[in-house]
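Close look at the chain arrangement
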Amino acid sequence: MNPQLVSKLKQLRLSGLISTLEVRLQEAVGNQLNHQEFLELIVNDELAIRDDRAIARRIKRARFRELKSLEDFDFSFNPSIKRRQIMELATGRFIREKADLLLMGPPGVGKSHLVQAIGHQAAKIGFTVMYRSIFDTVGELMQAENFGDNTKMMNQYLKPDLLIVDDMGIKKLPKQSGEYLFEIIMRRHEIRSTIMTSNRPLEEWGKLIGDVPTATAILDRILHRAEIIQITGKSYRLKEQAKKNSEDRQKSQDGNKDKTCQ
(Lines give C-alpha, C1' and ligand atoms only; values in the text may rest on other atoms or scores of the structure.)
Protein backbone atom coordinates (compact mmCIF):
# COMPACT_ATOMS: atom_id res chain seq x y z
CA MET A 1 0.00 0.00 0.00
CA ASN A 2 0.99 3.63 -0.49
CA PRO A 3 3.02 4.63 2.64
CA GLN A 4 1.68 8.18 2.49
CA LEU A 5 -1.90 6.90 2.45
CA VAL A 6 -1.21 4.63 5.41
CA SER A 7 0.34 7.54 7.30
CA LYS A 8 -2.71 9.74 6.66
CA LEU A 9 -5.08 6.94 7.74
CA LYS A 10 -3.09 6.62 10.97
CA GLN A 11 -3.43 10.36 11.55
CA LEU A 12 -7.18 9.92 11.19
CA ARG A 13 -7.02 6.95 13.58
CA LEU A 14 -8.50 4.59 11.00
CA SER A 15 -6.45 1.57 12.04
CA GLY A 16 -9.35 -0.81 11.41
CA LEU A 17 -9.54 0.35 7.83
CA ILE A 18 -5.76 -0.03 7.43
CA SER A 19 -5.85 -3.67 8.56
CA THR A 20 -8.31 -4.68 5.82
CA LEU A 21 -7.59 -2.16 3.08
CA GLU A 22 -5.25 -4.33 0.99
CA VAL A 23 -7.74 -7.22 0.96
CA ARG A 24 -10.60 -4.88 0.14
CA LEU A 25 -8.66 -3.33 -2.76
CA GLN A 26 -8.12 -6.80 -4.25
CA GLU A 27 -11.80 -7.60 -3.65
CA ALA A 28 -12.87 -4.39 -5.39
CA VAL A 29 -10.78 -5.22 -8.46
CA GLY A 30 -11.79 -8.88 -8.55
CA ASN A 31 -15.52 -8.20 -8.13
CA GLN A 32 -15.53 -4.94 -10.09
CA LEU A 33 -17.01 -2.98 -7.20
CA ASN A 34 -17.97 0.62 -7.83
CA HIS A 35 -16.70 3.45 -5.61
CA GLN A 36 -19.74 3.47 -3.36
CA GLU A 37 -19.64 -0.31 -2.77
CA PHE A 38 -15.92 -0.16 -1.98
CA LEU A 39 -16.37 2.77 0.39
CA GLU A 40 -19.18 0.97 2.21
CA LEU A 41 -16.97 -2.10 2.73
CA ILE A 42 -14.03 -0.22 4.25
CA VAL A 43 -16.29 1.96 6.43
CA ASN A 44 -18.00 -1.19 7.77
CA ASP A 45 -14.59 -2.70 8.50
CA GLU A 46 -13.59 0.36 10.52
CA LEU A 47 -16.87 0.34 12.46
CA ALA A 48 -16.55 -3.38 13.21
CA ILE A 49 -13.05 -2.93 14.60
CA ARG A 50 -14.18 0.00 16.73
CA ASP A 51 -17.13 -1.98 18.08
CA ASP A 52 -14.86 -4.87 19.02
CA ARG A 53 -12.47 -2.54 20.82
CA ALA A 54 -15.30 -0.81 22.66
CA ILE A 55 -16.62 -4.17 23.86
CA ALA A 56 -13.14 -5.18 25.01
CA ARG A 57 -12.79 -1.91 26.96
CA ARG A 58 -16.16 -2.34 28.66
CA ILE A 59 -15.34 -5.92 29.65
CA LYS A 60 -11.93 -4.88 31.00
CA ARG A 61 -13.42 -2.03 33.03
CA ALA A 62 -16.04 -4.34 34.53
CA ARG A 63 -13.22 -6.28 36.25
CA PHE A 64 -14.99 -9.63 36.29
CA ARG A 65 -13.42 -12.21 38.58
CA GLU A 66 -13.67 -14.71 35.73
CA LEU A 67 -14.81 -14.24 32.15
CA LYS A 68 -17.93 -16.43 32.17
CA SER A 69 -20.49 -16.99 29.44
CA LEU A 70 -23.95 -18.53 29.40
CA GLU A 71 -22.79 -20.97 26.73
CA ASP A 72 -20.44 -22.47 29.33
CA PHE A 73 -23.16 -22.92 31.94
CA ASP A 74 -24.57 -26.42 32.50
CA PHE A 75 -28.30 -25.80 32.90
CA SER A 76 -29.03 -29.54 32.84
CA PHE A 77 -27.18 -30.09 36.13
CA ASN A 78 -29.55 -27.89 38.13
CA PRO A 79 -33.22 -27.92 37.06
CA SER A 80 -34.10 -25.15 39.54
CA ILE A 81 -32.39 -22.67 37.19
CA LYS A 82 -34.72 -21.76 34.35
CA ARG A 83 -32.77 -21.35 31.12
CA ARG A 84 -35.44 -19.16 29.49
CA GLN A 85 -35.49 -16.80 32.48
CA ILE A 86 -31.70 -16.38 32.44
CA MET A 87 -31.62 -15.86 28.67
CA GLU A 88 -34.29 -13.18 29.00
CA LEU A 89 -32.13 -11.38 31.58
CA ALA A 90 -29.19 -11.59 29.17
CA THR A 91 -31.11 -9.46 26.65
CA GLY A 92 -30.59 -6.50 28.98
CA ARG A 93 -34.24 -5.51 29.12
CA PHE A 94 -34.20 -5.31 32.92
CA ILE A 95 -31.26 -2.88 32.66
CA ARG A 96 -33.21 -0.65 30.28
CA GLU A 97 -36.13 -0.77 32.72
CA LYS A 98 -33.82 0.19 35.64
CA ALA A 99 -34.89 -2.95 37.52
CA ASP A 100 -32.77 -4.98 39.94
CA LEU A 101 -31.95 -8.67 40.30
CA LEU A 102 -31.29 -10.78 43.38
CA LEU A 103 -29.94 -14.34 43.18
CA MET A 104 -30.30 -16.41 46.34
CA GLY A 105 -28.91 -19.86 47.12
CA PRO A 106 -26.21 -21.88 48.85
CA PRO A 107 -22.56 -21.75 47.77
CA GLY A 108 -21.58 -23.51 44.57
CA VAL A 109 -24.94 -23.52 42.75
CA GLY A 110 -23.80 -21.15 40.01
CA LYS A 111 -24.80 -17.67 41.19
CA SER A 112 -21.44 -16.02 40.47
CA HIS A 113 -21.15 -17.70 37.08
CA LEU A 114 -24.63 -16.53 36.09
CA VAL A 115 -24.26 -12.90 37.18
CA GLN A 116 -20.85 -12.58 35.53
CA ALA A 117 -22.21 -14.15 32.34
CA ILE A 118 -25.18 -11.76 32.36
CA GLY A 119 -22.78 -8.87 32.98
CA HIS A 120 -20.50 -10.06 30.18
CA GLN A 121 -23.41 -10.15 27.75
CA ALA A 122 -24.57 -6.71 28.92
CA ALA A 123 -21.13 -5.29 28.15
CA LYS A 124 -21.21 -6.87 24.69
CA ILE A 125 -24.52 -5.20 23.81
CA GLY A 126 -23.37 -1.75 24.92
CA PHE A 127 -24.01 -1.34 28.65
CA THR A 128 -21.36 -0.22 31.11
CA VAL A 129 -20.86 -2.82 33.83
CA MET A 130 -19.05 -2.97 37.17
CA TYR A 131 -18.46 -6.24 39.03
CA ARG A 132 -17.31 -6.40 42.64
CA SER A 133 -17.58 -8.79 45.54
CA ILE A 134 -19.23 -7.30 48.60
CA PHE A 135 -15.81 -7.33 50.28
CA ASP A 136 -14.21 -5.38 47.41
CA THR A 137 -17.04 -2.86 47.62
CA VAL A 138 -16.75 -2.29 51.34
CA GLY A 139 -12.94 -2.32 51.28
CA GLU A 140 -12.68 0.22 48.46
CA LEU A 141 -15.15 2.62 50.06
CA MET A 142 -13.57 2.35 53.51
CA GLN A 143 -10.13 3.01 52.06
CA ALA A 144 -11.43 5.94 50.01
CA GLU A 145 -13.01 7.49 53.12
CA ASN A 146 -9.74 7.13 55.03
CA PHE A 147 -7.97 9.04 52.25
CA GLY A 148 -10.72 11.66 51.94
CA ASP A 149 -11.71 10.48 48.47
CA ASN A 150 -15.05 8.86 49.23
CA THR A 151 -17.08 10.96 46.77
CA LYS A 152 -14.95 9.95 43.79
CA MET A 153 -15.07 6.27 44.72
CA MET A 154 -18.81 6.36 45.37
CA ASN A 155 -19.36 7.88 41.93
CA GLN A 156 -17.62 4.88 40.37
CA TYR A 157 -20.34 2.69 41.90
CA LEU A 158 -23.15 5.00 40.84
CA LYS A 159 -22.27 5.52 37.16
CA PRO A 160 -22.41 2.03 35.54
CA ASP A 161 -25.61 0.95 33.85
CA LEU A 162 -25.25 -2.35 35.73
CA LEU A 163 -23.56 -2.87 39.09
CA ILE A 164 -23.00 -6.46 40.25
CA VAL A 165 -22.30 -6.99 43.96
CA ASP A 166 -21.40 -10.64 44.53
CA ASP A 167 -20.87 -12.91 47.56
CA MET A 168 -23.19 -11.36 50.14
CA GLY A 169 -23.43 -13.69 53.13
CA ILE A 170 -20.09 -15.48 53.05
CA LYS A 171 -19.13 -13.86 56.35
CA LYS A 172 -20.03 -10.94 58.58
CA LEU A 173 -19.09 -7.54 57.17
CA PRO A 174 -17.00 -4.85 58.87
CA LYS A 175 -18.66 -1.96 60.73
CA GLN A 176 -20.09 0.81 58.53
CA SER A 177 -20.58 -1.68 55.69
CA GLY A 178 -24.33 -1.19 55.89
CA GLU A 179 -23.98 2.56 55.48
CA TYR A 180 -21.90 2.21 52.32
CA LEU A 181 -24.16 -0.43 50.83
CA PHE A 182 -27.30 1.55 51.69
CA GLU A 183 -25.97 4.68 49.98
CA ILE A 184 -25.15 2.73 46.82
CA ILE A 185 -28.52 0.98 46.68
CA MET A 186 -30.49 4.11 47.60
CA ARG A 187 -28.82 6.33 45.01
CA ARG A 188 -29.03 3.73 42.23
CA HIS A 189 -32.65 2.82 42.99
CA GLU A 190 -34.85 3.30 39.88
CA ILE A 191 -31.94 5.09 38.15
CA ARG A 192 -29.52 2.25 37.42
CA SER A 193 -29.76 -1.54 37.70
CA THR A 194 -28.07 -3.56 40.43
CA ILE A 195 -27.54 -7.31 40.75
CA MET A 196 -26.72 -8.90 44.10
CA THR A 197 -26.06 -12.50 45.08
CA SER A 198 -26.48 -13.92 48.57
CA ASN A 199 -25.66 -17.23 50.22
CA ARG A 200 -27.82 -16.41 53.22
CA PRO A 201 -31.57 -15.78 53.68
CA LEU A 202 -32.71 -12.16 53.59
CA GLU A 203 -33.73 -12.25 57.27
CA GLU A 204 -30.06 -12.79 58.18
CA TRP A 205 -28.78 -9.67 56.41
CA GLY A 206 -29.19 -7.61 59.58
CA LYS A 207 -26.70 -9.85 61.40
CA LEU A 208 -24.32 -9.87 58.43
CA ILE A 209 -24.29 -6.10 58.20
CA GLY A 210 -24.47 -5.60 61.97
CA ASP A 211 -27.31 -3.11 61.61
CA VAL A 212 -30.87 -4.42 61.33
CA PRO A 213 -32.56 -1.07 60.44
CA THR A 214 -30.04 -0.40 57.68
CA ALA A 215 -30.42 -3.92 56.31
CA THR A 216 -34.19 -3.44 56.30
CA ALA A 217 -33.83 -0.17 54.38
CA ILE A 218 -31.49 -1.79 51.85
CA LEU A 219 -33.86 -4.70 51.23
CA ASP A 220 -36.85 -2.36 51.02
CA ARG A 221 -35.29 -0.68 47.99
CA ILE A 222 -33.82 -3.79 46.38
CA LEU A 223 -37.04 -5.75 46.64
CA HIS A 224 -39.17 -2.86 45.37
CA ARG A 225 -38.45 -3.60 41.69
CA ALA A 226 -36.24 -6.67 41.81
CA GLU A 227 -36.59 -10.04 40.20
CA ILE A 228 -35.66 -12.69 42.77
CA ILE A 229 -34.19 -16.00 41.62
CA GLN A 230 -34.01 -18.67 44.31
CA ILE A 231 -31.54 -21.40 43.37
CA THR A 232 -31.45 -24.77 45.07
CA GLY A 233 -29.64 -28.00 44.28
CA LYS A 234 -26.18 -29.49 44.31
CA SER A 235 -22.88 -27.66 44.07
CA TYR A 236 -21.23 -27.35 40.66
CA ARG A 237 -17.85 -27.11 42.38
CA LEU A 238 -18.38 -30.41 44.18
CA LYS A 239 -19.47 -31.93 40.86
CA GLU A 240 -16.28 -30.74 39.17
CA GLN A 241 -14.15 -31.96 42.05
CA ALA A 242 -15.82 -35.39 41.94
CA LYS A 243 -15.19 -35.53 38.19
CA LYS A 244 -11.53 -34.61 38.68
CA ASN A 245 -11.11 -37.24 41.42
CA SER A 246 -12.66 -39.86 39.14
CA GLU A 247 -10.32 -38.91 36.29
CA ASP A 248 -7.31 -39.03 38.62
CA ARG A 249 -8.31 -42.49 39.85
CA GLN A 250 -8.72 -43.68 36.26
CA LYS A 251 -5.28 -42.35 35.31
CA SER A 252 -3.77 -44.06 38.36
CA GLN A 253 -5.43 -47.36 37.44
CA ASP A 254 -4.26 -47.07 33.83
CA GLY A 255 -0.75 -46.37 35.07
CA ASN A 256 -0.78 -49.44 37.28
CA LYS A 257 -1.99 -51.58 34.37
CA ASP A 258 0.88 -50.34 32.21
CA LYS A 259 3.41 -51.24 34.90
CA THR A 260 1.88 -54.72 35.28
CA CYS A 261 2.10 -55.35 31.53
CA GLN A 262 5.76 -54.38 31.55
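Before reading further, recall that the structure is shown in the block above.
Nothing here was measured: the structure is a model prediction, and the numbers come from that model. (Residues numbered from 1 in each chain as written. Predicted model: local features only at pLDDT ≥ 70, side-chain atom pairs only at ≥ 80, totals over all residues. Heavy atoms only, no water.)

1. Remarks on the packing of aromatic side chains
We count it as follows: For Phe, Tyr and Trp, where Trp contributes only its six-membered ring, two rings pair if their centres lie within 6.5 Å, and the inter-plane angle classes them as stacked under 30 degrees, edge-to-face over 60, or tilted in between. A run of H or I in DSSP counts as a helix once it spans at least four residues, and a run of E counts as a strand once it spans at least two, with each numbered from the N terminus. Think of it in three bands: with a 1.4 Å probe and only protein chains considered, a residue is buried below 20% of the maximum accessible area for its type, exposed above 50%, and partly exposed in between. Distance and angle both matter: a charge sits over a ring if NZ of Lys or CZ of Arg is within 6 Å of the ring centre and within 35 degrees of the ring normal.
Across all of its chains, the model carries two aromatic pairs by this definition. Seen from their ring centres, Phe 64 and Tyr 131 are 6.1 Å apart, and the 45° between their planes marks the pair as tilted. Of this pair, Phe 64 sits in the loop between helix H3 (35-62) and helix H4 (83-89) while Tyr 131 sits in strand E2 (residues 129-133), placing them 67 residues apart in sequence. For the pair Phe 64 and Tyr 131, one class covers both residues: buried. In this structure, Lys 171 packs its charged tip against the face of Phe 135, placed 5.4 Å from the ring centre.

2. Thoughts on H3
Selection criterion: A helix is expected to reach a length of 1.5 Å times the quantity of its residues less one. The contact criterion used throughout is that any non-hydrogen atoms of two residues lie within 4.5 Å. Think of a polar contact as two N or O atoms within 3.5 Å of one another; within protein, one of them needs to be a possible hydrogen donor and the other a possible acceptor, and neighboring residues in sequence only count if both atoms come from side chains.
Given a rise of 1.5 Å per residue, 28 residues ought to cover 40 Å, and the 41 Å separating the end C-alpha atoms of H3 matches this to within 8%. Buried within H3 we find Phe 38, Ile 42, Asp 45, Glu 46, Ala 54, Arg 58, Ile 59 and Ala 62. On the buried face of H3, the contacting elements are helix H2 (15-31), helix H6 (111-124) and E2. The opening residue of H3 is Asn 34, an N-cap whose side-chain oxygen sits 3.1 Å from the backbone nitrogen of Gln 36.

3. Quick look at the pairing of strand E1 (residues 100-104)
The condition that has to hold: A pair of strands is treated as paired once DSSP finds two or more bridges between them.
With respect to burial, E1 is a largely interior element, five of its five residues being buried. Of the two faces of E1, the one carrying Asp 100, Leu 102 and Met 104 and the one carrying Leu 101 and Leu 103 are both buried. Bridge count for E1 against strand E5 (residues 226-230) is five bridges, and the pairing is parallel. Across the sheet, the residue bridging to Leu 101 is Glu 227, located in E5. Bridge analysis of E1 against strand E4 (residues 193-198) gives four bridges, and the strand direction is parallel. Pairing of Leu 101 across the sheet is with Ile 195, part of E4.

4. Section: the pairing of E4
Quick reminder of the rule: Here, the term right-handed applies to a crossover whose path from the first strand over the helix to the second runs clockwise when the strands point away from the viewer.
Within E4, six of the six residues are buried, which leaves it mostly tucked inside the rest of the structure. Residues of E4 alternate between two faces, with Ser 193, Ile 195 and Thr 197 on one and Thr 194, Met 196 and Ser 198 on the opposite face, all of them buried. In terms of strand pairing, strand E3 (residues 162-168) meets E4 through five bridges, oriented parallel. What sits directly across from Met 168, in E4, is Ser 198. Regarding the hand of the β-α-β motif, the stretch spanning E3, helix H9 (residues 177-188) and E4 is right-handed.

5. Quick look at the sheet that holds E4
How we decide: Angular values range over 0 to 180 degrees, each being the angle between N-to-C directions of two axes fitted as lines to C-alpha atoms, with helices fitted over their stretch in contact.
Strand order across the open sheet formed by five strands is E2-E3-E4-E1-E5, with parallel pairing between neighbours. At either margin of the open sheet sits one strand with a lone partner, and together these are E2 and E5. Put simply, the sheet's adjacent strands are angled 10° from each other on average, direction ignored. Strand contacts of helix H7 (residues 134-146): E2 and E3, with the helix running at about 95° to E2, the strand carrying the most contacts. H9 rests against E3 and E4 of the sheet, and its axis sits at about 140° to E4.

6. Points about a nonpolar patch on the surface
To keep it simple, the criterion reads: Patch membership requires over 30% relative accessible area and the absence of a salt bridge. Like charges are linked within 9 Å, and nonpolar side chains (Val, Leu, Ile, Met, Phe, Trp, Tyr) within 5 Å. The accessible surface values rely on the Shrake-Rupley method and a 1.4 Å probe; as for residues, cover is taken only from the protein chains in view. The working definition used for a salt bridge is a side-chain nitrogen of Lys or Arg within 4 Å of a carboxyl oxygen of Asp or Glu.
On the surface, Leu 39, Val 43 and Leu 47 cluster together into a nonpolar patch covering about 260 Å² of accessible area. Position of Leu 39 relative to the elements: it lies in helix H3.

7. Quick word on the packing of H3 against H6
How we decide: Handedness of a helix crossing follows the sense of rotation of the near helix relative to the far helix, less than a right angle counterclockwise being left-handed and clockwise being right-handed. Each residue gets one label: Ala, Val, Leu, Ile, Met, Phe, Trp, Tyr, Cys and Pro are nonpolar, Asp, Glu, Lys and Arg are charged, and the others, such as Gly, are polar.
In the contact formed by H3 and H6, the axes pass within 8 Å of each other and the chain directions differ by 145°. Seen from above, H3 lies across H6 with right-handed handedness. In this structure, H3 contributes Ile 55, Arg 58 and Ile 59 to the contact, and H6 contributes His 120, Ala 123 and Lys 124. Considered class by class, the residues forming the contact of H3 with H6 number three nonpolar, one polar and two charged.

8. Quick word on the pattern of salt bridges
Counted according to the given criterion, the structure contains 12 salt bridges. Here Arg 24 ties to Glu 27 by a salt bridge, and the two come within 2.7 Å at their closest N and O atoms. Residue Arg 24 and its partner Glu 27 are located together in helix H2, separated by three residues, close to a single helical turn. A residue is classified by how much of its surface remains accessible, and Arg 24, at 19% relative accessible area, is buried. Residue class for Glu 27 comes out partly exposed when judged on its relative accessible area of 25%. Of the charged contacts in the structure, one is a salt bridge between Asp 167 and Arg 65, with a shortest N-O distance of 2.3 Å. With Asp 167 in strand E3 and Arg 65 in the loop between H3 and H4, the pair connects residues that are 102 residues apart, well separated along the chain. Owing to a relative accessible area of 12%, Asp 167 belongs among the buried residues under this scheme.

Structural measurements only, silent on function.
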